[in-house]
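A closer look at the structure
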Amino acid sequence: NAGVTQTPKFQVLKTGQSMTLQCAQDMNHEYMSWYRQDPGMGLRLIHYSVGAGITDQGEVPNGYNVSRSTTEDFPLRLLSAAPSQTSVYFCASSYSSGNQPQHFGDGTRLSIL
Amino acid sequence: DQQVKQNSPSLSVQEGRISILNCDYTNSMFDYFLWYKKYPAEGPTFLISISSIKDKNEDGRFTVFLNKSAKHLSLHIVPSQPGDSAVYFCAASYSGTYKYIFGTGTRLKVLA
């Protein structure tokens with residue numbers, strides 16, 4: 001069982017470039033989410049999805065797009081990268097019934113120059 | 001507006017002693033609380049959780065206490081071990097939202 005797999009692990013972008021952070025899970029979890037972790041800020045929810053075709057915004061959605069075409073995959077798109085989006089990004093998944101703890105990937109460290 | 005707060009950025013404890021990590025919240029709608037542990041260069045891993053209908057939940061060396069009137073929860077680790085050295089995050093959610101709000105984390109260092 002791979003769990004939650006995030007690719008790439010590291011990425012450096014120039015301001016204005018776009019890119020997609022990939023997230024895949026093999027646990028048949030309905031719920032998937034994206035967080036960013038910044039120093040002194042904890043983890044902040046960007047977007048989440050409760051199933052294929054359903055997405056919603058979290059606390060800090062601006063500058064990011066998501067889609068959920070399959071249960072397994074939940075990519076995060078940066079439309080036009082800005083230095084303020086330099087962060088570590090975590091993808092997580094869980095069952096959506098009742099209160100369920102999330103399983104996290106190992107993160108993508110993104111630097112925007 | 002920080003709805004979940006961990007006011008101690010760091011904590012050092014001797015091996016074998018008790019570690020107590022604290023978390024405060026402001027939203028009385030929260031009804032599910034979790035603790036995660038995070039090692040460097042890894043994602044957070046789930047440790048223990050508690051529903052608002054309980055005031056205590058135990059799992060081996062880890063116990064979480066919930067004081068709803070004070071809007072406060074704490075994680076007790078007894079006895080502390082060097083392998084417990086990590087950053088600990090508390091998180092909260094309320095039913096039907098699927099939104100988890102995390103605290104800023106406390107770095108625990110267990111000294112051998």
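I will try to describe carefully the structure that is included in this document. Here the structure is a predicted model, which means the values were calculated and not measured.

The subject of this paragraph is the overall build of chain B. Looking only at helices and strands, one finds 0 helices and 11 strands in chain B. When the helices and strands of chain B are listed from N to C terminus, the series reads β-β-β-β-β-β-β-β-β-β-β. At 13 Å, chain B has a C-alpha radius of gyration in line with the 13 Å of a compact globule built from 112 residues. Each principal axis of the C-alpha atoms in chain B carries an extent, and together these give about 40 × 30 × 20 Å. Scored against the burial criterion, the 112 residues of chain B give a buried share of 46%. For chain B, the proportion of contacts with a sequence separation of at least 24, taken over those separated by at least 6, is 54%. Within the structure as shown, chain B displays about 5400 Å² of accessible surface, and the carbon and sulfur contribution to it stands at 48%.

With that settled, the discussion passes to the state of the cysteines. Overall, the coordinates contain 2 disulfides over all chains when judged by the stated rule. One disulfide in the model links A:Cys23 with A:Cys91; its S-S distance is 1.9 Å. Residues A:Cys23 and A:Cys91 are joined by a disulfide whose S-S torsion is about -75 degrees; by sign, that bridge is left-handed. A residue pair is termed long-range when its members are at least 10 positions apart, and A:Cys23 in strand S3 (residues 19-25) and A:Cys91 in strand S9 (residues 87-94) qualify at 68 residues. With respect to burial, A:Cys23 and A:Cys91 carry one shared label: buried. A disulfide bridge connects B:Cys23 with B:Cys90, and the sulfur atoms are separated by 1.9 Å.

Residues and elements named next belong to chain A. Inspection of the secondary structure puts Arg36 in strand S4 (residues 31-38). Judged by relative accessible area, Arg36 falls into the buried class, the value being 8%. Polar side-chain contacts of Arg36 include one of 2.7 Å to the backbone oxygen of Ser84. The residues touching Arg36, leaving out its near neighbours within four places in the chain, are Gly42, Leu43, Arg44, Ile46, Val60, Tyr64, Ser84, Gln85, Thr86, Ser87, Val88 and Tyr89.

All names here are of chain B. Together, Ile18, Ile20 and Val78 make up an exposed nonpolar region whose accessible area comes to about 220 Å². Mapped onto the elements of the fold, Ile18 is located in the loop between strand S2 (10-14) and strand S3 (19-25). Assessed through its relative accessible area of 40%, Ile18 is described here as partly exposed.

This brings us to the environment of B:Pro82. Residues and elements named next belong to chain B. Positionally, Pro82 belongs in the loop between strand S8 (72-77) and strand S9 (86-93). You can call Pro82 partly exposed: its relative accessible area is 36%. The spacing of Pro82 and Thr45 is 37 residues in sequence and 17 Å in space, taken between C-alpha atoms.

Our next topic: the interface of chain B and chain A. Listed as interface residues are 18 residues of chain B and, on the opposing side, 21 residues of chain A. The largest share of the area that chain B buries against chain A comes from B:Tyr98, B:Tyr100 and B:Phe102, three residues that together contribute 34% of it. Across the chain B-chain A interface, the total number found is 0 salt bridges. Between the two partners, chain B and chain A, sit 3 residue pairs in polar contact (both at pLDDT 80 or more). Looking at the side of chain B that touches chain A, the elements that each hand over two or more residues are strand S4 (32-38) and strand S10 (101-102) of chain B. A total of 4 residues in the side of chain B that touches chain A trace back to one element, the largest contributor, which is S4(B). Partitioned by chemical class, the residues of the side of chain B that touches chain A number 11 nonpolar, 4 polar and 3 charged.

Pairing between the strands of a sheet comes from backbone hydrogen bonds, and it takes one of two forms, parallel or antiparallel. Residues and elements named next belong to chain A. Across the sheet, 4 strands lie side by side as S1-S3-S8-S7; this open sheet has antiparallel pairing. The sheet is open, and its two borders are formed by strand S1 (4-7) and strand S7 (64-66), each paired with just one other strand. Shown here is a sheet whose adjacent strand axes are inclined to one another by a mean of 20 degrees, direction ignored. Alignment of S1 against S3, held across 4 bridges, turns out to be antiparallel. Across the sheet, residue Gln6 finds its bridge partner in S3, namely Cys23.

Cut-offs used in this document
Residues numbered from 1 in each chain as written. Chains lettered and ligands numbered in written order. Predicted model: local features only at pLDDT ≥ 70, side-chain atom pairs only at ≥ 80, totals over all residues. Heavy atoms only, no water. Helix = DSSP H or I, 4+ residues; strand = E, 2+ residues; numbered from the N terminus. Rg over C-alpha atoms; globule rule 2.2 N^0.38 Å. Buried < 20%, exposed > 50% of the residue type's maximum accessible area, 1.4 Å probe, protein only. Contact = heavy atoms within 4.5 Å. Areas by Shrake-Rupley, 256 points an atom, 1.4 Å probe, with all protein chains shown as cover. Disulfide = S-S within 2.5 Å. Polar contact = N/O pair within 3.5 Å; in protein donor to acceptor, adjacent residues only side chain to side chain. Patch = residues over 30% accessible without salt bridge, like charges linked within 9 Å, V, L, I, M, F, W, Y side chains within 5 Å. Salt bridge = Lys/Arg side-chain N within 4 Å of Asp/Glu carboxyl O. Buried area = accessible area lost by both parts, 1.4 Å probe. Nonpolar A, V, L, I, M, F, W, Y, C, P; charged D, E, K, R; others polar. Pairing = 2+ DSSP bridges. Axes fitted to C-alpha atoms, helices over the stretch in contact; angles between N-to-C directions.

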